[in-house]
Amino acid sequence: MGAQLADGADLEAAEAVKLSDHARRNRAEWNAWAAEFVEPGRRAWAAEEISWGIVDTLESDVRVLPDVAGKDVLEAGCGTAYVSAWLARRSARVTGLDLSDAQLATARRFQQEFGLEFPLVHGSAEAMPFADESFDLVVSEYGASIWADPYAWIPEAARVLRPGGHAVFLVNGTLLVLCMPELEAEFPAGTRFERPYFGMHRFEWPDDDSVDFHLGYGDWISLFTATGLEVDDFVELQGKPDAEPSRFNLFAPEWATKWPAEEIWRVRKPR
Ligand SMILES: C[S@@+](CC[C@H](N)C(=O)[O-])C[C@H]1O[C@@H](n2cnc3c(N)ncnc32)[C@H](O)[C@@H]1O
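Here the structure is a predicted model, which means the values were calculated and not measured.

J.: Before we go on, may I ask you to explain helix α6 (residues 101-114) in this structure?
T.: Since the α-helix turns once every 3.6 residues, residues separated by three or four places project in the same direction. Over its 14 residues, α6 runs 20 Å from end to end, which matches the ideal 20 Å to within 8%, given 1.5 Å per residue. Regarding α6, the residues found buried are Gln 103, Leu 104, Thr 106, Ala 107, Phe 110 and Gln 111. What you see down the axis of α6 is that its buried residues fit within an arc of 155°, all on one side. In this structure, the buried side of α6 is in contact with α2 (21-33), α3 (38-46), β4 (93-98) and β5 (120-122). Looking at where α6 begins, the residue whose side-chain oxygen comes 3.3 Å from the main-chain nitrogen of Ala 102 is Ser 100. Gly 115 lies just past α6 and shows a positive phi near 65°.

Here it is, written out as structure tokens:
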């Protein structure tokens, strides 16, 4: 396992592995965006209930997470690490992994503020600095799940999971990715397909230098099968009509009442 960020020993860990071109670009963008995620991160750390995504669906309504008490959990692309904090409070032994030192610095600050310590590791989910079969759950909410190449991070998740372990991760809804305008100035998503479904994989957008990843359903399932994972559940989150528009403005609340703007996969490594 990589050394914890808290002891300052492995600030170079993300450099030691050869980062992909998109990982370098995403690290630079996330270091620049980190300041905008401090206040939302603080609110999420303060929340008692586990919730998912922009539509803010309670875990108690979807029950997609396995029991985490006493389990080893990796959050892949933890950002400010509020998901890790929620699971640590439920007696999981969590580790947060992230590519951005600025995001991890916020996570470390919140650990002190909220009095909750767990390892924070600086590295890429595309080359996880962990031994085979060392976790019972790999979780990601808009972390590695959309910012790392699934053809790199899903095999890594499968490798570090113990037999019987799960990966649970939230991604943008496939229909949303197809309907999202190219430019942020033209958000939110409309009801017209803006791009083809076949061939979905790596996305670059004109407004910034980041790269994100989205697959079609058949490609996700083929990838799980190829990496020895089985689909356990797939939850299409539905928005509430009275929801406030989100600060990201990717979709209007009403859009998310009609089409899934966010989706959660739960896959399992067989025993
Ligand atoms: C949106 S944050 C996710 C955290 C949190 N759930 C949230 O929604 O704010 C995305 C995080 O993914 C991280 N990330 C991007 N690519 C990564 C990679 N290859 N490995 C690990 N983390 C990565 C970024 O540094 C960023 O902190």
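J.: Just to check I follow, could you spell out the environment of Val 73 for this structure?
T.: Tracing the backbone through its elements, the reader meets Val 73 in strand β3 (residues 72-76). Sequence spacing of Val 73 and Arg 93 is 20 residues, and the spatial spacing of their C-alpha atoms is 6.0 Å. If near-sequence neighbours (up to four positions away) are discounted, Val 73 is found in contact with Val 68, Leu 87, Ala 92, Arg 93, Val 94, Thr 95, Phe 135, Leu 137 and Val 139.

J.: I'm lost on unusual backbone geometry in this one. Help?
T.: Most peptide bonds are trans, and most residues other than glycine sit at a negative phi. A cis amide bond links Phe 187 with the next residue in sequence, Pro 188, at an omega value of 5°. Relative to the helices and strands, Pro 188 resides in the loop between α9 (174-179) and β8 (202-204). Within the chain, Glu 133 stands out as a residue other than glycine whose phi angle is a positive 50°. By secondary structure assignment, the location of Glu 133 is in the loop between β5 and β6 (135-141). At Tyr 142, a position not held by glycine, the phi torsion is positive, near 60°. Residue position: Tyr 142 is located in the loop between β6 and α7 (144-147).

What counts, and at which threshold
- Residues numbered from 1 in each chain as written.
- Predicted model: local features only at pLDDT ≥ 70, side-chain atom pairs only at ≥ 80, totals over all residues.
- Heavy atoms only, no water.
- Helix = DSSP H or I, 4+ residues; strand = E, 2+ residues; numbered from the N terminus.
- Expected span 1.5 Å × (residues − 1).
- Buried < 20%, exposed > 50% of the residue type's maximum accessible area, 1.4 Å probe, protein only.
- Arc of directions from axis to C-beta.
- Contact = heavy atoms within 4.5 Å.
- Polar contact = N/O pair within 3.5 Å; in protein donor to acceptor, adjacent residues only side chain to side chain.

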